[in-house]
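Here is how the chains run, residue by residue.
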Amino acid sequence: MVTLRMRIQMLVQKWYQVFESSKIPQSFTLLYDVSLRFSKPFMAVSHYICLASVLENGSNYQDLLMEMTGQKTVPNVFINKTHVGGCDKTMQAHKDGLLQQLLGGESEVYDYDLIVIGGGSGGLACSKAAANLGKKVMVLDYVVPTPKGTSWGLGGTCVNVGCIPKKLMHQTALLGTAMEDARKFGWEFSEQVTHNWETMKTAVNNYIGSLNWGYRVSLRDKNVNYVNAYAEFVEPHKIKATNKRGKETFYTAAKFVLATGERPRYLGIPGDKEYCITSDDLFYLSYCPGKTLVVGASYVALECGGFLAGLGLDVTVMVRSILLRGFDQDMANRAGDYMETHGVKFLKKFVPVKVEELEAGTPGRLKVTAKSTETDEVFEGEYNTVLIAVGRDACTGNIGLDKAGVKVNPKNGKIPVNDEEQTNIPHIYAIGDILEGKWELTPVAIQAGKLLAHSISLKRAVELYGQENLEVFHSLFWPLEYTVPNRDNNRCYAKIICNKLDNDRVIGFHYLGPNAGEVTQGFGTAMKCGVTKEQLDNTIGIHPTCAEIFTTMEVTKRSGGDINQAGC
Amino acid sequence: MAALCSKHRLKHLQHLCSFGFKIPRRNFAGKGKYDYDLVVIGGGSGGLACSKEAAQLGQKVAVLDYVEASVRGTTWGLGGTCVNVGCIPKKLMHQAALLGTAVKDAKKYGWKIPEPVSHDWATMSQAVQNHVKSLNWGHRVQLQDRKVKYLNMKGSLVDEHTIRGMNAKGKEMTVTARNVVIATGGRPKYPTHVPGALEFGISSDDLFWLKESPGKTLVVGASYVGLECAGFLTGIGLDTTVMVRSIALRGFDQQMSRLVTDYMEAYGTRFSWDAVPKKVEKLPSGLLQVTWTDTQSKQEHQDAFNTVLWAVGRAPETKTLNLKQVGVELNEDTGKVIVAADERTSMSNIFAIGDIAQGRPELTPTAIKAGKLLARRLAGHSKLLTPTNVFTPLEYGCVGLSEEEAERRCGKENVEVYHAFYKPLEFTVAERDAGQCYIKVVCEGHGDQRVLGLHFTGPNAGEVTQGFALGLQCGFTYAQLRDTVGIHPTCAEELTKINITKRSGLDATVTGC
């Protein structure tokens, strides 16, 4: 058990300043500014938030601070572990030059205060925030084309080859279902409805193009220098930037942020890079992929397989062992079953061994040979497209991290950081997907449903708390929108996991049904506030919605009771 | 109609039934003195939940339900307003309208749909009615399963323990009960001083059961019932006008209300503002000619419609219950039953719940107040918030206080309002205007900035709002909201990113992703 005192001591060890969220005086901005001018640009923000969250439970930390520093009020400023005092004293220290001294003002002159490597969601946000604070910032972004030659603009995975195009194509598939539903609701139109890949791809790409442009404009507005070049370290404070034409330029900076993200992994079998595509290619494919084999059972695999099937394509998903590793397996299997009833074929316990081209074209024809993971059985199939979605690797291998001395986990290429996102090299930070051991919220879209693993799977909860201390409430439900088209009766599912030892606090939240992301967001916030089952029960439902199911959960899994929903 | 069947009442009833009547039967003298431990008059959401819960606790229960035909002769089955002429058919018809938008959007997403696209009312209403009838049946089965005696009779009180029931054929019977719950709900009102209103107009009790399309429709009243109906009628392609006397969605946050009506106007619903109807006449063509007065210019206007839908409020169904005669006090002005905090009327064994109880919700805003009172007793909470969702074409979900109400209670200077105009990702490719998609978080201006109210217009507003309603229930703060990891890309995540205060006057448009 870490006591409050230990926590504060730890904070002081690590941090420069201590604020309490509710009592930020006007001078906060000033102080904040002063400290940032001399120290680490990103830390102050996280310090302040971290501390607020550490201390938010109304503890008596003020008395402790008094005892430790002789000062009860906040802000209570520490610079490099030395207690300076409150706001006034700090401002005075700034005037006197003491602050600069404590901060160990930097003698060497660099081209930039900060260089950010990678122009994805994290890198852009970070570079703009730093520029806002008056820093001289450069961001380097360079998209290495896929083996198929696909590349894209500024903004990283999410915007170009991730969340955004994925959700838009998912939406396309949903609209296909909507049109089928519409007939049941009285809409009349020809049965000859077809889908045109080109129209969708162009619309999606145009929207992405507008976002790419928007990012460039906002970087310019914030005076962030954007360079479209590949960066690698040559020295701890120096990088080499190589542009498209192979021209090399060198830049130095006081601080660096690594935000290079991840790229899809290949299988390492004959024919994979030559003939297969990944999610990096799919959204830019100039032709409809046709009959598709999706290799892998990651959320990327299921999402892509789901929307391709929703567009009316023949889709098979080849799975080595289990679906959605790391997710609640009960939920994962329900999602898989749902997809199967909606036309996606699953080929389980097989791994591909080679891919051969039978005929070139757009799309061409490919022959896939796979072998069983359990028997000697060999499978051969013919597809127009093979989409590999077996995972992603951090882009940390070829950016000269060894030259800078940054430690990388050799197993997965990820970078270990401390709570301040600092690597083992103090002036180099890392953010985003390349961090070691960060668990993120990952909504998974599958056709008309969405599965969301929030915070903790049942398996993990059992490991942490023990089966006997958990109570799982669950229910099937039938969204009202599905009743008239008469589809998916009692196939949607809601589950919460409560910790009996802690007041029935809700520690896991799982939802399989329409608009899962929208439903889950608010509950995520409530869990942040430590919501209990009782509070959930006391919440009034919004009728008729899907989300209201969580306010009336009565059947425990333990009881084995009937979870079919009846009535309204 | 959200208020007419909000879940809080169900919960509350379960509580009422489990505590109010949970007297072991052996404890009262004269076991078998009454036919039933409990008789519930009214088989809506409230009455059914209460009767089933009581039966499960071992009580002998009967429920009387009888649907008095509407002025236009419409009747329906067991389940009350919500199931038959409220939330359920309303949301299904709203869904029909949304699917019309989906078909339009689909073209932009690459779906090729040969013209023409049209809508057939009969197909929709048949499908909706079939679903409603399956729910009616489901309720009957549930009553049977729980051994609740269901009597399809109109109930009234003879004395505090005796209930007279009369069936459709006029046949009477009486039953006795130790306790009685009145849950007869409310019905739409008609205006009293508009000639032709009663003869030629319809109400929401009729709309969902119309066999033919209502055609060009005038909706009188801008309550949420009025706006929801006008919204889906417009959405399925009908020429629809809403007549508004003063403001829309009274009691709701007025900025949000304007966004909702702006969106409706942009998508084809006509609005006659500052207008009061004067008379309705039937023309030889069969069309209804409506005359109305502009309250500003005092000028009169006329137009002809196929259908005139009155959505001017609802009135309690207490007149025929014979309540006064058995000693149950009514509020003379509203005709509603006066109840104590524990739902008890002036007679100690008679309780009243739902729309007929004085001070309980008839419309959503009052439901919020009632909900708060309720929670204090239920869970020992000092507050309880009723989230609600208006299923207009642009849905509006809210929980907690409106900006106006927060300022009234706390003072303008003690309230901080964060807001954002955002664009749902689905709208981009579909090239839909998102000018009215807006989020507002009303917070205390000091300390931890506890969230007082949360307002959201956009797709799936109800789904978005539910979880945040739980957050408000737990007393979450602005900092906690900001601390939550966003789920990307959703509309709901915009709430976790909200950072522009209204006070600052900065542009609140969300850019980028």
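Residues numbered from 1 in each chain as written. Chains lettered and ligands numbered in written order. Predicted model: local features only at pLDDT ≥ 70, side-chain atom pairs only at ≥ 80, totals over all residues. Heavy atoms only, no water.

As annotated in an unreviewed UniProt entry, chain B carries the name thioredoxin-disulfide reductase (NADPH) and comes from Pygocentrus nattereri. UniProt, in the comment section headed Sequence similarities (unreviewed entry), describes chain B in these words: "Belongs to the class-I pyridine nucleotide-disulfide oxidoreductase family." (UniProt positions renumbered as here; feature names shortened; annotations may be inferred.)

Under an unreviewed UniProt entry, chain A has the name thioredoxin-disulfide reductase (NADPH) and belongs to Pygocentrus nattereri. As stated in UniProt under Sequence similarities (unreviewed entry), the record for chain A gives "Belongs to the class-I pyridine nucleotide-disulfide oxidoreductase family." One UniProt comment on chain A, placed under Cofactor (unreviewed entry), says "FAD".

A. View of the pattern of salt bridges. Scanning the model with the defined rule gives 39 salt bridges over all chains in all. Of the charged contacts, one joins Glu68(B) and Lys154(B) as a salt bridge, the two residues approaching to 3.1 Å between their closest N and O atoms. Highlighted residues: Glu68(B) in the loop between β2 (61–64) and α3 (80–85) and Lys154(B) in strand β6 (residues 154–159), separated in sequence by 86 residues. Overall, Lys154(B) belongs to the partly exposed group, its relative accessible area being 23%. The closest approach of N and O atoms between Glu281(B) and Lys279(B), which form a salt bridge, is 3.8 Å. Through salt bridges with shared partners, one network takes in Asp330(A), Arg334(A), Lys495(A) and Lys557(A). (Salt bridge = Lys/Arg side-chain N within 4 Å of Asp/Glu carboxyl O. Helix = DSSP H or I, 4+ residues; strand = E, 2+ residues; numbered from the N terminus. Buried < 20%, exposed > 50% of the residue type's maximum accessible area, 1.4 Å probe, protein only.)

B. Representation of a positive patch on the surface in the model. All names here are of chain A. A contiguous patch of positive charge on the surface is contributed by Arg 216, Arg 220, Lys 244, Arg 245 and Lys 247. Considering the arrangement of structural elements, one finds Lys 244 in the loop between β10 (238–243) and β11 (248–258). Look at Lys 244 and you get exposed, because its relative accessible area is 66%. (Patch = residues over 30% accessible without salt bridge, like charges linked within 9 Å, V, L, I, M, F, W, Y side chains within 5 Å. Areas by Shrake-Rupley, 256 points an atom, 1.4 Å probe, with all protein chains shown as cover. Lys, Arg positive; Asp, Glu negative; His and termini not counted. Charge placed at Lys NZ, Arg CZ, Asp CG, Glu CD.)

C. Up close: the interface of chain B and chain A. Counting residues at the interface gives 85 residues for chain B and 81 residues for chain A. Summing the contributions of chain B and of chain A, the shared interface buries around 7500 Å²; its carbon and sulfur component is 68%. One can count 16 residue pairs in polar contact (both at pLDDT 80 or more) joining chain B with chain A. At 14 residues, helix α4 (residues 87–108) of chain B tops the list of elements feeding residues into the side of chain B that touches chain A. Residue classes in the side of chain B that touches chain A are distributed as 42 nonpolar, 30 polar and 13 charged. The pairing of strand β6 (residues 187–188) of chain A with strand β4 (residues 118–119) of chain B spans two bridges and is antiparallel. Paired with Glu188(A) across the two strands is Ser118(B), which belongs to β4(B). (Contact = heavy atoms within 4.5 Å. Buried area = accessible area lost by both parts, 1.4 Å probe. Polar contact = N/O pair within 3.5 Å; in protein donor to acceptor, adjacent residues only side chain to side chain. Nonpolar A, V, L, I, M, F, W, Y, C, P; charged D, E, K, R; others polar. Pairing = 2+ DSSP bridges.)

D. Highlighting the domain arrangement of chain B. All names here are of chain B. What the domain assignment lists for chain B is domain 1 (30–187 + 313–384), domain 2 (197–312) and domain 3 (395–503). For domain 2 and domain 3, the distance between their C-alpha centres works out to 30 Å. In this complex, domain 2 contributes eleven residues to the contact, which on the side of domain 3 involves 16 residues. In total, domain 2 and domain 3 occlude about 1200 Å² of area from one another, counting both sides; carbon and sulfur atoms represent 62% of this. Seen at the junction of domain 2 and domain 3, the total is one salt bridge. Between Lys 440 and Asp 253 there is a salt bridge whose closest N-O contact spans 2.8 Å. If you look at where domain 2 meets domain 3, you find six residue pairs in polar contact (both at pLDDT 80 or more). Counted by class, the side of domain 2 that touches domain 3 contains seven nonpolar, two polar and two charged residues. (Domains from an automatic or database assignment.)

E. Main features of the UniProt feature "binding site: FAD" (unreviewed entry) in chain B. Mapped onto the present numbering, the UniProt feature "binding site: FAD" (unreviewed entry) falls at Lys91(B), Gly155(B) and Asp355(B). Spanning 265 residues, the named residues are also spread out in space, since their farthest C-alpha pair is 30.2 Å apart. The residue Lys91(B) is located in helix α4 in this model. With near-sequence residues (within four places) excluded, Lys91(B) lies in contact with Leu480(A), Glu481(A), Pro544(A), Thr545(A), Phe391(B) and Glu463(B). In contact with Gly155(B), other than residues within four places in its own chain, are Ile41(B), Leu64(B), Ile163(B), Arg164(B), Thr320(B) and Leu321(B).

F. Layout of the UniProt feature "binding site: NAD(+)" (unreviewed entry) in chain B. All names here are of chain B. Following the UniProt record, one finds the feature "binding site: NAD(+)" (unreviewed entry) at Gly 221, Ala 222, Ser 223, Tyr 224, Val 225, Gly 226, Leu 227, Glu 228 and Gly 313. For the residues just named, distributed over 93 residues, the greatest C-alpha separation is only 13.7 Å, placing them together at one site. Within the secondary structure, Ser 223 sits in the loop between β11 (217–220) and α8 (224–235). Apart from residues lying up to four places away in sequence, Ser 223 is in contact with Leu 249 and Ala 311. Structurally, Leu 227 is set in helix α8. Judged by relative accessible area, which is 0%, Leu 227 ranks as buried.

G. Summary view of helix α13 (residues 299–310) of chain A. Residues and elements named next belong to chain A. The first and last C-alpha atoms of α13 sit 16 Å apart over twelve residues, in line with the 16 Å expected at 1.5 Å per residue. Judged by how many residues are buried, α13 sits mostly within the fold: ten of twelve residues are covered. Every buried residue of α13 is listed here: Val 300, Ala 301, Leu 302, Glu 303, Cys 304, Gly 305, Gly 306, Phe 307, Leu 308 and Ala 309. In the segment just after α13, Gly 312 is the residue with positive phi, at about 100 degrees. (Expected span 1.5 Å × (residues − 1).)

H. Representation of the state of the cysteines within the structure. Residues and elements named next belong to chain B. Within the structure shown, the criterion is met by zero disulfides over all chains. Between Cys 443, a free cysteine, and Cys 410, which holds the nearest cysteine sulfur, the sulfur-to-sulfur gap is 11 Å. On the basis of relative accessible area, Cys 443 is assigned to the buried category, the value being 0%. (Disulfide = S-S within 2.5 Å.)

I. Representation of the sheet that holds strand β15 (residues 288–294) of chain B in the model. Residues and elements named next belong to chain B. The antiparallel open sheet is built from three strands, whose spatial order is β14-β15-β16. With partners counted over all chains shown, the strands left at the sheet margins are β14 (275–282) and β16 (300–305), one partner each. Going across the sheet, the axis of each strand differs from the next one's by a mean of 25 degrees, ignoring polarity. In terms of strand pairing, β14 meets β15 through seven bridges, oriented antiparallel. By the bridge assignment for β15, Glu 281 is matched with Gln 289. (Axes fitted to C-alpha atoms, helices over the stretch in contact; angles between N-to-C directions.)

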